[in-house]
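# Coordinate inspection notes
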Amino acid sequence: MRTHELVGRDRVLADLFEAVSAAGERGDAILLVGEAGIGKTACLTAVAALAQDAGYPLLRTVGSEAERQLPFAGLHRLLRPILASTATLPDVQRRALLDAFGMHDGAAGDRFVVSIATVNLLSQMSARHPLVIIADDVQWLDEQTRHVLAFVARRLGTRVVFVAAATSLPQLRELGDGFRELRLNRLDVAEAHRLLTRLAPGLDPGQRQAVADLARGNPLALIELAAAPPTLTTKDCPIPARISLSPQLERAFAGRHHELPQSGRDVLLVAAVASDASLPEILAATARMSGGRVGPEVLEPAQQLGLLSFDENQVIFSHPLVKAAVVQKESISRRQSAHRALGAVITVSSLRRAWHRAFGTSSYDDVIAAELEATTAASIKSGRAGAAILALERAAQLSVSPAERGRRLLLAARQAARLGRPDEVDRLLQGVVNSELSEFDRVRAELLHENVGGVVITDSLRVTHLCALARRATAEGERSLAVELADAAVRRRCAAPVEAPALADMISLAQGLWRGSSEARCVAVLALADPVAHGREVISALEAVDERGITDGEELSAYAVAARAVGDYTAAVRFLDRAEVLLRERGLLGPLARALCVVADLQLEVGDWDRAAAALAEFARLSVASMSVSHRAAAMATTAKIAALRGETAAALELVSDTEHSPAARSGSRYLARAQIVRGIVGISADKHGETYAALRRVFDPMDPSHHFREQFDAVSYLAEAAAHTGQQAQARKMLDDLQLVADRSGSPLLQMHLAYGRAVLASDDTAEKLFLACLASEAASLPWQRARVQLAYGRWLRRQQRVSQSREPLRSALTTLQRLGAVKWAAEALDELEASGAADEPGSNTGSPHSLLSVQESKVARLASQGMSNREIGQQLYISPRTVSSHLYRIFPKLGISTRGQIAARLDELYLHSDSR
Ligand SMILES: Nc1ncnc2c1ncn2[C@@H]1O[C@H](COP(=O)(O)OP(=O)(O)OP(=O)(O)O)[C@@H](O)[C@H]1O
Ligand SMILES: [Mg+2]
């Protein structure tokens, strides 16, 4: 490895290089100390390369475990290249040296004379050129060599640089004070992530974090774990995760395990599998396992090998991977007996006891299985779904009855889906398929399968069947399953139209569930089932929800879905903002991916397209192959829509075609409707209003396969624009009138807004202004994208009425927002209008918004920092290191013209206010 490839070692390397460079004038003896895998050999290699580049002679030795008992073996390795020069030594010294190496028939060499002889040899060698000596793995050098090297280091004169390296072990004291010590510490978090990015750029953020957590800044561990990242399930488990280590890692972290006496191995194993570092507990369990009295002294050999340290209270491993390496070295039966012993002595925690008991047996045991399953509720509640999965899977393995086994595996698979781990869901479901299941569990398994990539059957018969099952589940007290089934039914209604009887059945089911409970999922089910008749009811129920008191991200997502369904986008954004934070915190990547889909949809309408695009990009990252086909199709359609709105026509059309050919589109008119809307927007951008009108009309036509009840709401405003351009006002007005009845009934703020906009755009000159003003005053006009379009249309209308100076203000305001969004076509129109009004855009008028000042990532960092988050918290949210966060802030401050973090919030407010009100 070249030196510039060593991360975080600049200071140490500079020190070493300085020593070598100055070798002409003065000698130096340096001892590099650090744990296994920390980079000692890598640093020595760098020193050797430098010496060779400088043309200095170089001598090297390295300790080896096999030769540790052979006197002077290490010294022999060092001096072998220059043994011919021994001829110049005084006879006694020469003989002593050759004796030491067994090259002479005398007795073993006298250590003192051998040392003198070595010093003389090295001095001779350095007479003409500075000499560099390197000794690696000093802890494994034979005792005699260590003494000679200590002696040499104390007497080295000028012109010799001696660099030795060792893990920190007690034997090193024998080297004495001839060396100055340079410590190689673990890499810090940012350095570790830098190395990981280089080693494995494709690692997903979760895996990268898991590797970094495990490696704790040890480069060897980072390299090896990055090559074979551990599965994440075992994170957060009460008992240490079983991680499979490469032979290199096993050797590095427990290489000398075999040197321990039996009692030392026992206690080390117990400590390695223990769920707590408590010394009394570990000793009690070791005593139980080995059947005798055990005191703290049994830990001393392991301490001497540098594997751990301990005091009266606790045992601390020198690195977490030591535990994994120790466990890997032991047999299954010994690991189980250590767990059993711990299970027997733990009295303080039923959770830990259950885990140890469960991993201490390999026979079926319903009692232990039930105990373990009982711990999962607490694990899930405290956000440790990974622990719950492992517990449930283990409980399944221990279950006597096949039905119980299936039930537990299914529960585990459901948790895995929440964590967004499709491979694990598949694996667990595979086990479920081979088990006997109750009827309800079979339904649960089917729903789960649909959610992680399966095709969803959307026909009315299936809807009716799901509703019937939901009713039965309610009758049998399985309320949660009933809500889940109702949810599955209404989602089908969202994807494609269902026949009237099935729809009526579903709505009555949703009403029944809602009357039974106002929990978030029931609100969402009702809102999706019947956003019109129950719209107002849902909106007022949502008004009563205080999201700040809710800590369950899935609950908030359900509220957001409900709010979006009834057109209350302001509430939906509020719920989702918080849901996103909570889901991330808990690592619930499954629900997070679904929430991101909704975020993208919402932000598209609201007017933060960067955020919408970022949400979609993250969705794609999180859900490769793990999402239901409908979510994937929805995300594709939204991506197409952003592209179309931003004028990226080719990309938009390609995505539209993908959407139309996706499996979801085969059974869901929703995706066809969305595709038509994108085609409509593309038409507007190309001034082909006739095409736009034709494409969008299909969404409103119940006989057309692209018709979709809910999607037509989002098409209204574009339809009206196209109609106004093509003289189809009367026909369009009629379509709007029909929808007005729906809007009035449902109370949907967004639909009201779209209709108001549509009517204003289609109105005759004598009524238009009133309509525009009413539109601007409406609640949904606080959403930037919506407002900008009204402002643009109003400004254009004013200008056409020759009220040129009045037109400028709305046009300017629209232009700023539209430029910020990147709504190319609309911004160009606003600019044209402004120019036509004689007020060419003032210089710099579009540079005042945060979005035009900051990059996407900087905007995100600024937004989170303005909410009072620390760099670490921001880093966790965005999966970047705290150091990167601070470098973003470093760039953000001057851009925003501020100098402290505390000023960000006020400055952002100021900028948004200006950019939106101008
Ligand atoms: N700072 C670093 N940046 C990048 N790679 C590193 C760094 N330090 C070490 N490595 C790599 O990590 C691996 C382990 O390093 P190295 O063998 O030098 O460790 P060591 O301290 O000598 O360990 P041991 O005590 O087991 O001999 C090597 O592949 C090395 O190239
Ligand atoms: Mg080494």
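So, how was this worked out
Residues numbered from 1 in each chain as written. Chains lettered and ligands numbered in written order. Predicted model: local features only at pLDDT ≥ 70, side-chain atom pairs only at ≥ 80, totals over all residues. Heavy atoms only, no water. Near = heavy atom within 4 Å. Polar contact = N/O pair within 3.5 Å; in protein donor to acceptor, adjacent residues only side chain to side chain. Areas by Shrake-Rupley, 256 points an atom, 1.4 Å probe, with all protein chains shown as cover. Salt bridge = Lys/Arg side-chain N within 4 Å of Asp/Glu carboxyl O. Helix = DSSP H or I, 4+ residues; strand = E, 2+ residues; numbered from the N terminus. Buried < 20%, exposed > 50% of the residue type's maximum accessible area, 1.4 Å probe, protein only. Pairing = 2+ DSSP bridges. Axes fitted to C-alpha atoms, helices over the stretch in contact; angles between N-to-C directions. Contact = heavy atoms within 4.5 Å. Right-handed = clockwise from strand over helix to strand, strands pointing away. Core = buried A, V, L, I, M, F, W, Y, C linked by side-chain atoms within 4.5 Å. Parallel < 35°, antiparallel > 145°, perpendicular 65-115°, else oblique. Left-handed = near helix turned anticlockwise from the far one by under 90°.

Before going further, it helps to examine the site of ligand 1. If you check the shell around ligand 1, you find 19 residues, and the closest are Val7, Gly37, Lys40, Thr41 and Ala42. One of the side-chain N or O atoms of Lys40 is found 2.6 Å from an oxygen atom in ligand 1. The separation between an oxygen atom of ligand 1 and a polar main-chain atom of Ala42 is 2.8 Å. Taking 630 Å² as the accessible area of ligand 1 by itself, protein coverage stands at 82%.

Tallied over the full model, the rule gives 53 salt bridges. Where Arg334 meets Glu330, a salt bridge forms, and the shortest distance between an N and an O atom there is 2.8 Å. Notably, a salt bridge pairs Arg584 with Glu618, separated by 2.6 Å at the nearest N-O pair. You can see Arg584 sitting in helix 29 (residues 569-586) and its partner Glu618 sitting in helix 31 (residues 609-622), a full 34 residues away along the chain. We note that Arg584, like Glu618, is buried. Residues joined in a network through salt bridges with shared partners are Arg564, Asp601, Arg670, Arg674 and Glu711.

Let us now look at the pairing of strand 1 (residues 28-33). For strand 1, the buried fraction is high: 6 of the 6 residues fall into the buried class. A two-sided burial pattern is seen for strand 1, the buried positions comprising Asp28, Ile30 and Leu32 on one face and Ala29, Leu31 and Val33 on the other. By the bridge criterion, 4 bridges tie strand 1 to strand 5 (residues 180-183) in an arrangement that is parallel. Note that in strand 5 the partner of Ile30 across the bridge is Arg180.

An order of 2-3-4-1-5 is seen for the 5 strands of this open sheet, with the pairing classed as parallel. At either margin of the open sheet sits one strand with a lone partner, and together these are strand 2 (58-62) and strand 5. When strand polarity is set aside, the average angle formed by the axes of neighbouring strands in this sheet is 15 degrees. Of the strand pairs in this sheet, strand 2 and strand 3 (residues 131-136) are connected by 5 bridges, and their pairing is parallel. Within the sheet, the bridge partner assigned to Val62 lies in strand 3 and is Asp136. Helix-sheet contacts for helix 1 (residues 10-21) involve strand 1, strand 3, strand 4 (160-166) and strand 5, and the interaxial angle to strand 5 is about 145 degrees. Lying on the sheet, helix 2 (residues 40-54) is in contact with strand 1, strand 2, strand 3 and strand 4; it crosses strand 3 at an angle near 160 degrees.

Here we come to the environment of Ser540. Assignment of secondary structure puts Ser540 in helix 27 (residues 535-543). In sequence terms Ser540 and Leu59 are 481 residues apart; their C-alpha atoms lie 82 Å from each other. Engagement of the side chain of Ser540 in a polar contact is seen with the backbone oxygen of Glu537, the distance being 3.2 Å.

To continue, consider the pairing of strand 3. By the criterion of burial, strand 3 is predominantly enclosed, with 6 of the 6 residues buried. Residues of strand 3 alternate between two faces, with Leu131, Ile133 and Ala135 on one and Val132, Ile134 and Asp136 on the opposite face, all of them buried. Across 5 bridges, the pairing between strand 3 and strand 4 is parallel. Looking at strand 4, one finds that Ala135 is bridged to Ala164. Of the crossover connections in this fold, the one passing from strand 3 over helix 6 (residues 143-155) to the parallel strand 4 is right-handed.

Where a protein is soluble and globular, its nonpolar side chains tend to be buried together. One finds Leu485, Phe575, Tyr718, Trp785, Leu818 and Trp826 to be the most contacted residues of the largest nonpolar core, which totals 163 residues. No other element matches the 11 residues that helix 30 (residues 589-606) contributes to this core. When near neighbours in sequence (up to four residues on either side) are disregarded, Trp826 contacts Leu645, Ile681, Ile684, Ser685, Tyr718, Glu721, Trp785, Arg789, Leu792 and Leu818. Of all hydrophobic cores here, the second largest spans 54 residues; its members include Leu187, Leu203, Leu269 and Leu342.

Axis separation between helix 5 (residues 111-125) and helix 6 bottoms out at 9 Å; the angle between their running directions is 50 degrees. Looking at the two axes, helix 5 sits oblique to helix 6. Between helix 5 and helix 6 lies a crossing of right-handed hand. Across the interface between the two elements, Arg111, Phe112, Val114, Ser115, Ile116, Thr118, Val119 and Leu122 from helix 5 touch Glu143, Gln144, His147, Val148, Phe151, Val152 and Arg155 from helix 6.

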